[in-house]
Amino acid sequence: MKLDRITLVGMVAMTAVSTDLYLSGIPLIVAEFNATQADGQLTLGIFMIGISLGQLIYGPLSDYYGRKPVLYVGLIAYIVASLGCAMALSIQALWFARLCQALAAAAGPVLARAIVADLYSSREAAKIMATLAASMALIPTIAPVLGSWMLYWFDWRIQFVALMLIGLLVLLSAIPLPESRPRIIGERLSFSKISRQFGLSLRHPIFIGYSLIAGAQFSAMFSWISLCSFVVIDQFNVRPEHFGYTFALVVCGYLLGALASSKMVIKKGIETMIVIGIGVGIAAALLMLALAVFHIHSIALTLLSACGIFFSTGMIMSNAQVAAISIFPQSAGQASSIFGCIQTGLAALVGSLAGQLYDQTLMPVAIAMTVMLAISTLCVLKIRSLEGHALKINSNRQSTS
């Protein structure tokens, strides 16, 4: 079982490590291809779009063909696409290779969430996912540091070679994993059934609410990921080789948030964890907004604010995932796909907008964080209203019967 957890951590971390390991190399990519900062940031935005679209594929396929065969296909494609990134000869070629890499990487988090949903009940699944998230946070904490070290001896291309090797390791470690959902014998994959389940999920207001909470939180976090290399290196004059240390410090917030959630969720419940996380996130977003509005040039306060956003996301993400996917236990793969699509699709949009609006100040990322935390808050209020209304209806039915 220990090996299974390690493998699941690798699967969940594929998105994060694919973005975080090469962040220090983005300015070098921009310089080599004579591109703009927006072009460099687009290597992140395109990746998130690919992750968003790719997740719609793997969930339905894994519900019918089993988790492991679909996972193998995704991991092999990821290895090939990572090599393509390392061999790119233009910024346009890198964009295309990153899109292919993202479409492949989407298999990891989708199937990890589905496997946990297959094997565990709601609160226990939330604890497992929070534990995985805490363990996974160590990878993006280390990844930027390793990526920065690589730049001492090599150029940015070695970072994508490292991603290729990571994909190979995850593939090899996935072989001993047990199949949590064997292929459905005698039943054909039906587009009408898939579209019906998609429609059912998209019409379920509580499912959408939890998905938007996760999407808004991830968007707030991703707005920092998208711009942090420019903010830290350009605004605060941190050397690219040292950038990884600042990023690792911020990611520690995610680790602490996920650990706190894993320790408290069984006793306190999923909704309480989400509310606490949003409270921390609001405080962090307002701090970033104050730094931007009053032109306070402090790397310590800037990193503290980003750390608070990461803490908030670490506390919320696994709980929102489980709360949404557990609504459809018989179609966990498809529910995981839709959840992931909303989560990463919104992050791709927000991150790309923040990148396009970047003006050498903290204002774009501050506005993105504040707006996303406001959306999270509204979604929590709406879910509570819907759940309270449903509880009242059930009580009335029981009293009349």
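Residues numbered from 1 in each chain as written. Predicted model: local features only at pLDDT ≥ 70, side-chain atom pairs only at ≥ 80, totals over all residues. Heavy atoms only, no water.

A.B. asks: Even after reading the chapter, I still don't get the nonpolar core, so can you show me in this structure?
C.D. replies: The tendency in soluble globular proteins is for nonpolar side chains to be buried as a group. Formed by 119 residues in total, the largest nonpolar core has its most connected members in Met-11, Leu-94, Phe-160 and Trp-224. A per-element tally of this core places helix H10 (residues 205-235) first, with 19 residues. (Core = buried A, V, L, I, M, F, W, Y, C linked by side-chain atoms within 4.5 Å. Buried < 20%, exposed > 50% of the residue type's maximum accessible area, 1.4 Å probe, protein only. Helix = DSSP H or I, 4+ residues; strand = E, 2+ residues; numbered from the N terminus.)

A.B. asks: Explanation requested: the packing of helix H4 (residues 67-86) against helix H5 (residues 91-105) in the structure shown.
C.D. replies: For any two helices packed against each other, the geometry comes down to the angle between their axes and how far apart the axes lie. The geometry of H4 relative to H5 is characterised by a closest axis approach of 8 Å and an angle of 165° between their N-to-C directions. Viewed along their axes, H4 and H5 adopt a mutual orientation that is roughly antiparallel. Here the hand of the crossing between H4 and H5 comes out left-handed. Residues Gly-74, Ala-77, Tyr-78, Ala-81, Ser-82, Gly-84 and Cys-85 of H4 touch H5, and the partners they reach there are Leu-94, Ala-97, Arg-98, Cys-100, Gln-101, Ala-104 and Ala-105. The residue makeup of the contact of H4 with H5, split by class, is 9 nonpolar, 4 polar and 1 charged. (Axes fitted to C-alpha atoms, helices over the stretch in contact; angles between N-to-C directions. Parallel < 35°, antiparallel > 145°, perpendicular 65-115°, else oblique. Left-handed = near helix turned anticlockwise from the far one by under 90°. Contact = heavy atoms within 4.5 Å. Nonpolar A, V, L, I, M, F, W, Y, C, P; charged D, E, K, R; others polar.)

A.B. asks: How should the side chain of Ser-312 be read in this particular structure?
C.D. replies: Checked against the element boundaries, Ser-312 lands in helix H13 (residues 299-325). With sequence-adjacent residues up to four places away left out, Ser-312 is seen in contact with Gln-217, Gly-277, Ile-278, Val-280 and Gly-281.

A.B. asks: Explanation requested: the state of the cysteines in the structure shown.
C.D. replies: Here is the idea: a disulfide is a covalent bond, and it sits between the sulfur atoms of two cysteines. Going through the model one piece at a time under the given rule, you end up with 0 disulfides. The thiol sulfur of Cys-85 is not disulfide-bonded, and the nearest other cysteine sulfur, from Cys-100, lies at 8.2 Å. (Disulfide = S-S within 2.5 Å.)

A.B. asks: I keep staring at the environment of Gly-54 and nothing clicks. Help me out?
C.D. replies: With respect to the helices and strands, the residue Gly-54 is situated in helix H3 (residues 37-65). Residue Gly-54 is classed as buried on the basis of its relative accessible area of 0%. Separated by 287 residues in the primary sequence, Gly-54 and Cys-341 place their C-alpha atoms 7.9 Å from one another. If sequence neighbours within four positions are ignored, Gly-54 has contacts with Leu-103 and Ala-106.

The values reported here are purely geometric and, on their own, carry no functional implication.
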